[in-house]
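One-letter residues, chain by chain:
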Amino acid sequence: MSLSAVVEGAIVRLVRVNAGCGLRSRLTAMGLVPGAELQVVRNGGRGPFIVAVKGTRLMLGRGMGEHIVVR
Amino acid sequence: MAAAAHRRTADEDTVVISGNRITIALAGNPNSGKTTLFNNLTGARQHVGNYPGVTVERKAGVCRYLGYEIRVIDLPGTYSLTAYSVEERVARDFLIEHRPDVVVNILDASNIERNLYLTTQLIELGLPLVLVLNMSDTAKARGIEFDLERLSRLLGAPIVETVGHKERGTESLLEAVVAVATTPPDTPRPAVTVGYGREINREVTDIERLLSGDEALVSHYGGRWLAVKLLEDDQEVVERVRSGAAHWEAVRDAVAKARRHIERDYGDTAEIVIADRRYGFISGACQESVRSSVELRHTRSDRVDAVATHGLFGLAIFVALMYGVFYLTFTVGQPLMDVLEWLFGCLGDAVAGLWPADSDSPLKSLLIDGVIGGVGGVLVFLPNIILLFAAIAFLEDSGYMARAAFIMDRLMHKIGLHGKSFIPMLIGFGCTVPAVMATRILDSRRDRLVTMLVLPLVSCGARLPIYALLIPAFFSPHLRAPMLLAMYVIGIALAVVGVKLLRTFVFKGDSAPLVMELPPYRMPTLKGVVIHTWERASAYLRKASTIILAFSVLMWALATYPRKTHLDRDYEAEIARAAGERNAALADLNAELGLPPESALLVADDLDASAAPHHAVRLVHLRQAIQAARQRFDEAVADEQLRADSSRYHAVQTHHLGELHRLQQTAPELYPLALRLLDKIQGPHERHVAQLEAARSAELLAASSVGRLGRLIEPLLKPLGFDWKIGTALIGAVAGKELFVAQMGIVYAVGDSESAGDALRAQLRNDYSPLVGFCIMLFCLVSMPCVATFAVTARESGRIRWAVFQAAGLTATAYVVTLAAYQLGTLLGLGT
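Residues numbered from 1 in each chain as written. Chains lettered and ligands numbered in written order. Predicted model: local features only at pLDDT ≥ 70, side-chain atom pairs only at ≥ 80, totals over all residues.

1. Thoughts on the pairing of strand E1 (residues 21-28) of chain B
Residue and element names in this part refer to chain B.
- Counting buried positions along E1 gives seven out of eight residues, so the element sits mostly inside the fold.
- In the sheet, E1 pairs with strand E4 (residues 68-74) via six bridges, with the strands oriented parallel. In the sheet register, Ile-22 faces E4, and the bridge partner there is Ile-70.
- In this structure, E1 lies alongside strand E5 (residues 102-108), joined through five bridges in parallel fashion. (Buried ≥ 20, exposed ≤ 12 C-beta atoms within 10 Å, placed from the backbone. Helix = DSSP H or I, 4+ residues; strand = E, 2+ residues; numbered from the N terminus. Pairing = 2+ DSSP bridges.)

Laid out in structure tokens, this is it:
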């Protein structure tokens with residue numbers, strides 16, 4: 001499922017990021033690599049997400065939610 | 001490696017490993033405390049510049065330890081060393097081309113797994129490394145424990161623990177750096193390779209073998225590193241190998257084949273698989289040497305964030321903080337501004353004193369009107385600007401800005417901007433120059449340009465004197481604050497429209513996706529805030545001391561020349577006549593006091609008490625006391641903008657009358673003489689002379705280049721409700737918006753007295769309607785930004801064409817908008 005569908009507080013694993021290499025590389029360097037464990041800290045339906053991954057908190061734009069596949 | 005590694009350049013980047021000079025580079029993630037450590041090492045001995053050809057900041061500094069001179073380069077904070085962002089390329093290029101003696105990799109100890117990602121890439125570059133576990137106190141508090149020896153062995157580098165913001169561990173760091181730098185090159189070093197798993201390792205070695213024939217490439221970059229990068233399809237490396245390798249086709253084909261294999265076997269592109277393996281390596285190393293004893297689920301930061309990023313509460317907190325920032329800037333800054341204004345006045349007087357009182361010397365005029373007037377006008381704002389930047393620096397260092405970007409992102413996104421864009425806009429309220437420089441925090445060039453182009457619409461500090469002059473002139477007290485707010489709001493509204501238009505017609509395409517780390521909240525250090533603030537304030541100062549100075553002089557020249565030698569009125573004669581009239585009146589008074597008839601003692605300001613008769617001295621002192629009391633009264637009324645019918649006015653007036661009464665009691669027989677001296681003799685004379693001087697200035701200005709230019713463009717300005725006088729002032733404002741007011745003062749011949757502001761306002765009220773007043777402000781708000789902004793926009797965007805586009809676009813918009821406002825207003829009969 002896509003990240004946008006995940007409820008606040010849930011812990012999921014990253015499957016894939018559907019995006020260009022530049023963005024994927026950036027996300028990877030910040031910890032979003034396939035198999036990484038994420039906790040969705042904030043998903044208010046509008047505005048950016050906040051996820052916790054590898055010990056940090058990242059803000060991700062709302063638009064990316066559809067392209068980040070998790071399970 | 002040694003031979004090809006040093007590229008000798010002419011500037012100070014030349015790396016010299018000799019004697020006691022060591023060069024080190026600081027690398028690390030953003031928010032890892034790298035900057036604080038850099039400050040700890042170099043203190044005030046830093047220099048901020050640019051990497052050649054790009055607008056990435058280059059920070060270098062010097063530090064001394066044990067007789068060594070250590071040059072410290074603070075590389076841009078990066079999460080990795082790919083070719084995808086300009087910061088990463090710059091960092092990587094520096095490391096490869098300049099081969100520093102030691103690379104100091106700063107890690108956030110409480111977040112080590114993610115931080116080590118960069119480390120793996122540094123290890124692959126094969127440079128001597130020292131690892132720093134910064135923020136080790138936070139890690140300890142979270143219950144994380146490190147087996148430093150093991151970790152050091154696994155990573156192949158010494159590890160030092162530091163607490164940057166408490167300045168702890170700096171010495172151990174320097175010790176480790178010196179130890180590594182002075183290790184003789186042939187000492188066996190534990191070779192640590194980042195393993196990617198058997199299959200991928202094989203692919204890497206195969207490609208390495210293919211490249212081994214290319215001596216130059218391999219010795220410069222390292223064979224394994226090149227192979228890994230080629231597998232990752234790193235475009236920059238591909239380019240270099242293509243132009244440097246003897247058998248490029250073979251290499252290219254082998255790489256393509258290897259990538260296909262990896263994708264087939266692992267189900268994802270090679271770079272993702274390699275990235276995953278890196279994390280695997282990291283995870284393995286951490287499992288052996290890092291222990292988390294306490295599982296702390298919610299840190300303090302998280303608890304604050306639960307509120308700070310939560311919908312309405314978050315927004316409320318944000319608004320409150322922004323209000324606080326502006327309150328601080330405007331209220332606390334005001335008295336400081338007044339002091340500066342007074343200081344510049346004194347400076348002007350002191351310089352004027354070097355010439356005889358009625359000298360016409362161009363040099364004197366140049367210094368006082370041109371230099372001190374122009375530059376002083378900019379510097380007067382320094383307190384406000386410093387306070388604004390300090391507040392912003394505090395918010396940035398505390399980590400709140402990331403949350404603010406989170407809250408603003410939705411709104412910014414709707415407009416077509418990136419969430420981070422609001423930070424330069426916030427800075428733009430102080431001065432557009434550092435705001436344009438702040439657009440560097442935006443990653444995408446498109447976002448950066450769009451933000452830069454509309455930034456001048458955010459009313460900068462320089463426009464305040466214009467508002468301060470015009471709003472009280474045309475609007476009654478209860479309309480004033482709303483009018484001021486309206487100007488800011490209009491500016492922001494136009495910026496929004498501007499962005500939408502730019503995005504639709506010029507910069508098509510989506511805004512860059514928001515990816516930003518939310519660092520834990522931190523208490524900013526005084527040192528950090530000061531350095532941070534100073535970086536921005538110095539940009540403002542540089543603007544004042546270079547561009548505005550140059551332009552003030554230019555404007556002064558345009559406003560002074562050509563000099564009209566045959567004036568319409570014979571001012572000299574009239575001034576002489578006025579002096580004669582005064583002397584005649586004075587002669588009578590002198591006689592009554594027993595002074596020689598031609599004595600000018602009574603109107604003098606400094607008195608040689610010994611040479612004068614006693615009662616004359618008393619009279620002069622009394623006169624001065626009355627003058628001072630009146631001045632205080634005028635200032636009190638002006639400061640508080642008191643109306644003559646208000647109760648407060650009565651109170652102030654009563655106080656003033658009481659003062660005068662007391663003065664009268666001290667010398668009842670001299671008091672009426674003092675009044676006569678002031679009100680019948682000295683006062684009228686001074687006013688008359690001031691009037692003559694001002695009229696002469698106005699005539700000279702009208703004849704000068706600026707005046708002629710103003711008349712020339714008058715037909716263009718008429719549809720806006722403007723005349724040549726406003727036109728002249730607008731031309732003057734090209735150097736800096738602050739100069740608009742000064743120029744208006746000259747055009748309207750109000751001279752230099754304290755009540756000049758009110759006199760000018762009265763004249764303006766006479767000549768123009770409130771609608772025109774509003775239109776002037778509107779035009780100033782939107783039109784071409786000051787020269788300094790033009791210059792910095794050209795530099796930051798890399799092309800003059802954007803600065804020209806900005807200037808032309810804004811001026812055209814200003815014209816259209818003001819035209820519409822004026823015509824519409826006249827049609828509707830508003831404020832005419």
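2. With respect to the domain arrangement of chain B
- Domain parsing of chain B yields domain 1 (2-181), domain 2 (198-292), domain 3 (311-462 + 482-510 + 531-538), domain 4 (549-568 + 696-828) and domain 5 (572-694).
- A separation of 89 Å is found between the C-alpha centroids of domain 2 of chain B and domain 5 of chain B. (Domains from an automatic or database assignment.)

3. Some remarks on the pairing of strand E10 (residues 515-518) of chain B
- Residues Met516(B) and Leu518(B) line the buried face of E10(B), whereas the alternating positions Val515(B) and Glu517(B) sit on a face that is not buried.
- Examined bridge by bridge, strand E4 (residues 56-60) of chain A and E10(B) share four bridges and lie antiparallel to one another. Following the sheet pairing, Arg57(A) is matched in E10(B) by Leu518(B).

4. Describing unusual backbone geometry
Residue and element names in this part refer to chain B.
- Despite not being glycine, Arg-99 has its phi angle at roughly 35°, a positive value.
- When the 23 C-beta atoms within 10 Å are taken as the criterion, Arg-99 is described as buried.
- Here the phi dihedral of Glu-167 falls at roughly 60°; this positive angle occurs in a residue that is not glycine.
- You can see Glu-167 is positioned in the loop between strand E8 (159-161) and helix H7 (170-181).

5. Here we look at the confidence of the model for chain B
Residue and element names in this part refer to chain B.
- Across chain B, the average pLDDT comes to 82, with 91% of residues at 70 or higher.
- Confidence over residues 1-17 falls short of pLDDT 50; this stretch has 19 contacts with residues more than four positions distant or in other chains.
- Interface confidence for the predicted complex, given as ipTM, is 0.91, next to a pTM of 0.75. (pLDDT = per-residue confidence, 0-100. Contact = placed C-beta atoms within 7 Å.)

6. Points about the interface of chain B and chain A
- Listed by partner, the interface residues are 26 residues for chain B and 29 residues for chain A.
- Breaking the side of chain B that touches chain A down by element, the ones donating at least two residues are helix H4 (112-125), helix H13 (270-289), helix H18 (400-415) and E10 of chain B.
- Tallying contributions element by element places H13(B) first for the side of chain B that touches chain A, with five residues.
- Classifying every residue of the side of chain B that touches chain A gives 13 nonpolar, five polar and eight charged. (Nonpolar A, V, L, I, M, F, W, Y, C, P; charged D, E, K, R; others polar.)

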